[in-house]
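Notes for the structure review
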Amino acid sequence: MSLQIEPAVRQFVQEKLLFGDKSASFNDETSFLDSGMIDSTGVLELVVFLESKFSIRIADEEVVPENLDSVSRIAKYVGAKLNSSTKV
Amino acid sequence: MCGIAGIFDPLKREIPSRHTLHRMINAMAHRGPDERGFHSDADGGLAHARLSIIDLASGQQPMSNEDGSVWVTFNGEIFNYVELREDLLAKGHAMRTHSDTEVIVHAYEDKGPACVEDFNGDFAFAIIDKRRGQLMLARDRMGVRPVYYAISNGVLVFASEVKAILQYPGIRAELDPIGLDQSFTFWFPLAPRTIFKNIFELPPGHILIAGASGISTRRYWDLRFPMAAGDSTVWPHDEKEVAEELESLLLDATKIRLRADVPVGAYLSGGLDSSAVTALIRLCKSSKLRTFSVGFESPEFDESQYQQEVVRALKTDHQSILCTNKNIADVFPDVIRHTERPILRTAPAPLYRLAQFVRENGFKVVLTGEGADEIFAGYDIFKETKVRRFWARQPGSAWRPRLLRRLYPYLAGLNAQPQAYLQAFFKIGLDKPMDPFFSHLPRWHMTSRLKTFFSPELRRSLDGYNAVEELRGKLPPEYKDWHWLSQAQYLEAGHLLPGYILSSQGDRVSMAHAVEGRFPFLDHRVVEFAGRIPPRLKLRGLDEKHILRRAVGRHLPASIADRRKQPYRAPDSQCFFGKDAPEYVEELLSSRTIAESGYFDPSAVEKLVQKCRQQEVVGFRDNMSLVGILSVQLLDRQFVRHESMPEPQVNLTASIHEDGIKS
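Residues numbered from 1 in each chain as written. Chains lettered and ligands numbered in written order. Predicted model: local features only at pLDDT ≥ 70, side-chain atom pairs only at ≥ 80, totals over all residues. Heavy atoms only, no water.

1. As for the overall build of chain A
Secondary structure assignment for chain A yields 4 helices and 0 strands. Helices (α) and strands (β) of chain A occur, in sequence order from the N terminus, as α-α-α-α. Compactness check: chain A gives a C-alpha radius of gyration of 12 Å against a globular reference of 12 Å for 88 residues, within 12% of the reference. If you line up chain A on its principal axes, its C-alpha atoms span 45 × 25 × 20 Å. In chain A, the proportion of contacts linking residues at least 24 apart, taken out of those at least 6 apart, comes to 53%. Accessible surface, chain A: about 4500 Å² in total, of which carbon and sulfur atoms supply 52%. Charge separation in chain A, taken as the distance between the mean sites of 9 positive and 14 negative side-chain charges, equals 7 Å. (Helix = DSSP H or I, 4+ residues; strand = E, 2+ residues; numbered from the N terminus. Rg over C-alpha atoms; globule rule 2.2 N^0.38 Å. Contact = heavy atoms within 4.5 Å. Areas by Shrake-Rupley, 256 points an atom, 1.4 Å probe, with all protein chains shown as cover. Lys, Arg positive; Asp, Glu negative; His and termini not counted. Charge placed at Lys NZ, Arg CZ, Asp CG, Glu CD.)

2. Quick look at the packing of aromatic side chains
Two numbers describe a pair of aromatic rings. These are the distance of the centres and the angle of the planes. All names here are of chain B. Overall, the coordinates contain 28 aromatic pairs over all chains when judged by the stated rule. A ring pair is formed by Phe 119 and Phe 123, whose centres lie 5.9 Å apart and whose planes are at 90 degrees; its orientation type is edge-to-face. The two residues Phe 119 and Phe 123 agree in class, both being buried. Judged by centre distance (5.0 Å) and plane angle (85 degrees), the rings of Phe 186 and Trp 444 are edge-to-face. Of this pair, Phe 186 sits in helix α5 (residues 177-186) while Trp 444 sits in helix α16 (residues 441-448), placing them 258 residues apart in sequence. As far as burial versus exposure is concerned, Phe 186 and Trp 444 are alike and both buried. A connected cluster of aromatic rings, assembled from ring pairs, spans Phe 74, Phe 119, Phe 123 and Phe 125. The lysine or arginine in question, Arg 389, covers the ring of Phe 438, its NZ or CZ lying 6.0 Å from the ring centre. Over the ring of Tyr 306 we find Arg 563; its NZ or CZ atom is 3.5 Å from the centre of that ring. (Phe/Tyr/Trp six-rings, centres within 6.5 Å; stacked < 30°, edge-to-face > 60°. Buried < 20%, exposed > 50% of the residue type's maximum accessible area, 1.4 Å probe, protein only. Lys NZ or Arg CZ within 6 Å of the ring centre and 35° of its normal.)

3. Examining the nonpolar core
Among the nonpolar cores identified, the biggest contains 195 residues, and Phe 125, Phe 376, Phe 576 and Phe 600 of chain B are the most heavily contacted of them. Apart from residues lying up to four places away in sequence, Phe 125 of chain B is in contact with Ile 4, Val 72, Thr 73, Phe 74, Ile 104, Phe 119, Met 136, Leu 137 and Ala 138 of chain B. Listed in part, the 31 residues of the second largest apolar core include Leu 46, Ile 58 and Ile 74 of chain A together with Tyr 421 of chain B. (Core = buried A, V, L, I, M, F, W, Y, C linked by side-chain atoms within 4.5 Å.)

4. Some points on the sheet that holds strand β11 (residues 206-211) of chain B
Residue and element names in this part refer to chain B. If you walk across this open sheet you meet the 6 strands as β4-β5-β6-β7-β11-β12, and the pairing is antiparallel. Each end of this open sheet is capped by a strand with a single partner; those strands are β4 (63-64) and β12 (214-219). By the bridge criterion, 6 bridges tie strand β6 (residues 121-129) to strand β7 (residues 134-139) in an arrangement that is antiparallel. Pairing of Ile 128 across the sheet is with Leu 135, part of β7. Here helix α3 (residues 100-111) sits on the sheet and contacts β4, β5 (70-78), β6 and β7; the angle it forms with β5, its principal contact strand, is near 125 degrees. (Pairing = 2+ DSSP bridges. Axes fitted to C-alpha atoms, helices over the stretch in contact; angles between N-to-C directions.)

5. Quick look at the sheet that holds strand β14 (residues 290-296) of chain B
All names here are of chain B. With parallel pairing, the 5 strands of this open sheet are ordered in space as β15-β14-β13-β16-β17. Unpaired on one side and paired on the other, β15 (317-323) and β17 (516-518) mark the two borders of the sheet. Adjacent strand axes in the sheet meet at a mean angle of 30 degrees when their direction is disregarded. Sitting on the sheet, helix α9 (residues 304-314) is in contact with β14 and β15, with an inclination near 170 degrees to β15.

6. Side note on the pairing of strand β3 (residues 44-50) of chain B
All names here are of chain B. Counting buried positions over the 7 residues of β3 gives 7, a clear majority of the element. Alternating positions in β3 separate into two faces, Gly 44, Leu 46, His 48 and Arg 50 on one and Gly 45, Ala 47 and Ala 49 on the other, with burial throughout. Pairing of strand β1 (residues 2-8) with β3, which is carried by 6 bridges, proceeds in the antiparallel orientation. Across the sheet, Ile 4 pairs through a bridge with His 48, a residue of β3. Across 7 bridges, strand β2 (residues 35-41) lies against β3 in antiparallel orientation.

7. Focus: the packing of helix α7 (residues 239-256) of chain B against helix α8 (residues 272-284) of chain B
Between two packed helices, what matters for the description is the angle formed by their axes and the separation of those axes. Residues and elements named next belong to chain B. Running from amino to carboxyl end, α7 crosses α8 at an angle of 75 degrees, the nearest separation of the two axes being 9 Å. By the angle between their directions, the pair α7 and α8 is classed as roughly perpendicular. Taking contact as the criterion, the partners of Leu 250, Leu 251, Thr 254 and Lys 255 in α7 are, on α8, Leu 280, Ile 281, Leu 283 and Cys 284. The residue makeup of the contact of α7 with α8, split by class, is 6 nonpolar, 1 polar and 1 charged. (Parallel < 35°, antiparallel > 145°, perpendicular 65-115°, else oblique. Nonpolar A, V, L, I, M, F, W, Y, C, P; charged D, E, K, R; others polar.)

8. A closer look at the confidence of the model for chain B
Residues and elements named next belong to chain B. Taken over all residues, the pLDDT of chain B has a mean of 92, while the share at 70 or more is 95%. Here residues 645-652 is modelled with pLDDT under 50, and outside its nearest four sequence neighbours on either side it reaches 12 contacts, counting other chains as well. Both confidence scores are given for the complex: pTM 0.92, ipTM 0.80. (pLDDT = per-residue confidence, 0-100.)

9. Topic: helix α28 (residues 620-640) of chain B
Quick reminder: α-helices carry 3.6 residues per turn. Residues three or four places apart thus point the same way. Helix length check: α28 of chain B (21 residues) gives 29 Å between terminal C-alpha atoms against 30 Å at 1.5 Å per residue, within 8%. Buried residues dominate α28 of chain B, accounting for 20 of its 21 residues. (Expected span 1.5 Å × (residues − 1).)

10. Thoughts on the interface of chain A and chain B
Between chain A and chain B, the contact holds 25 residues from the first and 26 residues from the second. Taken together, both faces of the contact between chain A and chain B bury some 2200 Å²; the carbon and sulfur share is 57%. Scanning the region where chain A abuts chain B turns up 3 salt bridges. Its salt-bridge partner being Arg 459 of chain B, residue Asp 21 of chain A comes within 3.6 Å of it at the nearest N-O pair. Joining chain A to chain B, the criterion identifies 4 residue pairs in polar contact (both at pLDDT 80 or more). Mapped onto the side of chain A that touches chain B, the elements with two or more residues apiece are α1 (2-17), α2 (42-54) and α3 (65-68) of chain A. Taken together, the residues of the side of chain A that touches chain B sort by class into 12 nonpolar, 6 polar and 7 charged. (Buried area = accessible area lost by both parts, 1.4 Å probe. Salt bridge = Lys/Arg side-chain N within 4 Å of Asp/Glu carboxyl O. Polar contact = N/O pair within 3.5 Å; in protein donor to acceptor, adjacent residues only side chain to side chain.)

11. Structural notes on the pattern of salt bridges
Residue and element names in this part refer to chain B. Tallied over the full model, the rule gives 64 salt bridges over all chains. The salt bridge partner of Arg 131 is Asp 129, with a shortest N-O separation of 4.0 Å. Here Arg 131 falls in the exposed class, since its relative accessible area comes to 55%. Its relative accessible area of 2% is what places Asp 129 among the buried residues. For Glu 544, the salt bridge goes to Arg 564, with nearest N and O atoms at 3.5 Å. Of this pair, Glu 544 sits in the loop between α22 (535-538) and α23 (546-552) while Arg 564 is found in the loop between α24 (558-561) and α25 (583-589), placing the two residues 20 residues apart along the sequence. Residue Glu 544 is classed as buried on the basis of its relative accessible area of 0%.

Below is the structure:
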C-alpha cells in the first residue's frame, strides 16, 4: 500500500511545496518543518491534499508532525489509516 | 516637498549639461509640479522640481546666499525653521525670503556640514560650496526623504529618485543579484545598496561630501538605546511622568508639523496611531480638519467601522476611497515604477490610490501615524519575540507556547493551525535566545524560502552569499548590550522603516501624486525620548505601545485607545487572477518572459501561478512569492529594458527658473 502513497506525496511536495526545485536536497525522511518547506498554510494544504487523494478523514488531533512531517511518516500514517478502514 | 537632482565633478572638468539636468528633473516632475529651477556653472549643477508649501511666492530653488557662493537644492521640510531663522537673524544673517530653504543656506554658512544636526525635519538636500569647492548631500535621521547617487567617470550624479539618475548619459539600470537576495530576505536592499548595480542610496542619518580629495560619507545620527544592564537606573521617573512628558513632546512635534502655507489634512486608518495624530492635531488647532482613508471590499482588510468611530468622536470632515482588487492590479505597474524596488506585498498600491484621492481633493500635505509601531513597540513581532523568549527559558513547557495563539487573532489561517504546527513555526532559533537576531530569524527564514524561485544563473552569481551575515556585520557596536526589545526595535526602526515603510509605502507612493506625508512620531526628539523609555513601559505584558496609550489615550474613544494592533494589510495574489486580471500579469509571468529576464526559474513560476490560480486560499509565502516575482519582472521591463515606460510627464504650465531668474 505504501508504495502508492509515497510517489503521490513526493509529487505533491515537488509540485506544490518545492515548485519543482531540483536543487533542494529532499528525501523521504526530510522534515517539512525543519527544512522550511511548508509555511503556516502549507500544512492545511497538505491535509486537504491527503484527504481528497486518499479519501480519508484526518481528525484535528492527528494533525501533528509525528504523522505528517515527512514523506515516510505520511506513508506510514496514511497506510495505517487505509488499512484500518478496509478492515472495518 | 519636491524633487532634487544634481551633477558634480570634483575635478571641475566641464560645466554640467543643462539639457541633462532638465531631463533628470523632468523624469521626476510628479514630485514637484508647481515650478522647476536650475543652476549650473563650472562649480556644479543643481536642479529642482517644486511642490510649493511654504513661502509660495519667493521660495524658488536652487537658492543661494547673498554672494552666490553657497547654492542649495532641497526636498522636504525643516520644521523648526522658524526658530532657526530667528537665531540666524540675531547672528546678523540677512534673509530675503521666509522659506525654510534659505535657513539651510545660512545655517550652512554658519556651521558647515554640521548644520544638519540643528535641523528638525524630513529632508534631503544638496549644497554646493564654491569657496571650498565641494558638494554636500544630506539626508534626514529616519530616512523619510530619499536621495540616490551614482558615480560616472568620477562625476557624482544624484537625485531624489533613481529614474532621474538613469537620464544621465552612460548610466544604465541593471538589477543587482545581492540586492535581489536581500530583498527576498529582509523585504529591501541594505542601504547604501539598491536593487540597481552601481546606484546607491545615501542611508538615513548620513551626509556625503564630495571634493577634490574624493567622495566620502559619514553618519551624523543613529538610533540609540540604553544598555540593558542599566535599564532600571536610566529612567528615574515613574510611568505617569514619562506619559506626561511624552504627551507634551508629541503635541509640539505635531504643532510644528502643521506649519504650511497650504491646508494640511490627515490619514485616518482607525488604528491607535493615526487616531492619536488626529487627536493631537485637534488639540493644536480648532479649525475644520479633513481626514482621508482607504477601504477594502473584503472585511478581512477593511477598517471602516473604526474609522467612523474616530470621525464621530473627533469631528473631522472625513472621506474614504474604496480600493478594489482590480484597482490594485491595475495600478501595480505604476506603483513599481515609483517604488523602484521589488515589493513582496501589494500594500503600497492602496496607499498610491489614497494619495491620488487626497491630491484630487486639493491637498498637498497630510499628517499620518507612521513610526509609532517602531518606536513604541507596536508590531506583533515584538510580542512574538517576548513569547518565544519566555518559551525558550522552559522549552519543554506545554503551556508557554500556547501564548502564541494570542499573537495573531486577525490571521484566520494561522489560528486554524494545530498547536503542534503553530509551535513548529515559531520554534526557529529557540535554542539561540542570545542571538542578536533572535526576534527576526523566523521571519527572515520564511521570506528566504522565496529564493526557491531564483534561476540557476542567479544562484550561481550569488555564490553562497548570506544576507543575514552581512547585516550582522553592520550592527552598531553597542547593539549586543541592548535589551532584546531595543535590538528588535533597532531592526524595525533602523532598517524596515526606511527600507520599506517610509519608501515603498511612504514617500514614493505619495510623492507619485505630489502629496507630502508628515510624521509626528518620527520627530527625532520623540524618537530619542522613546529610545530612553524602559522596555517594560513600551511592551507591558503583551500590551503593545503601553506608554503611548497612557500618553494620548484620554483624547480618544475608549474603543480606539484600547484597540489591539491590526496591521495594515491589503489583498495580495488574488488581485492578479480571475476575469478582471489585467493582461500584463499573464504576459510578464509567462514562461517565455520569465526565461528572457532570467531572474527566476520558468517552470517553478508556472507551478506557482497555477497554484495561485486554482486555490481559493493562498498562504503567506506563495503570496509573497507571486507579488515579489511580478514586481521584479516589472522592474526589469520598465527600468532595465525601458519598455512600456511612459515618457516623463512634463507639466508645461510650471514656470522655469534659471539661476534664480524666472524665464
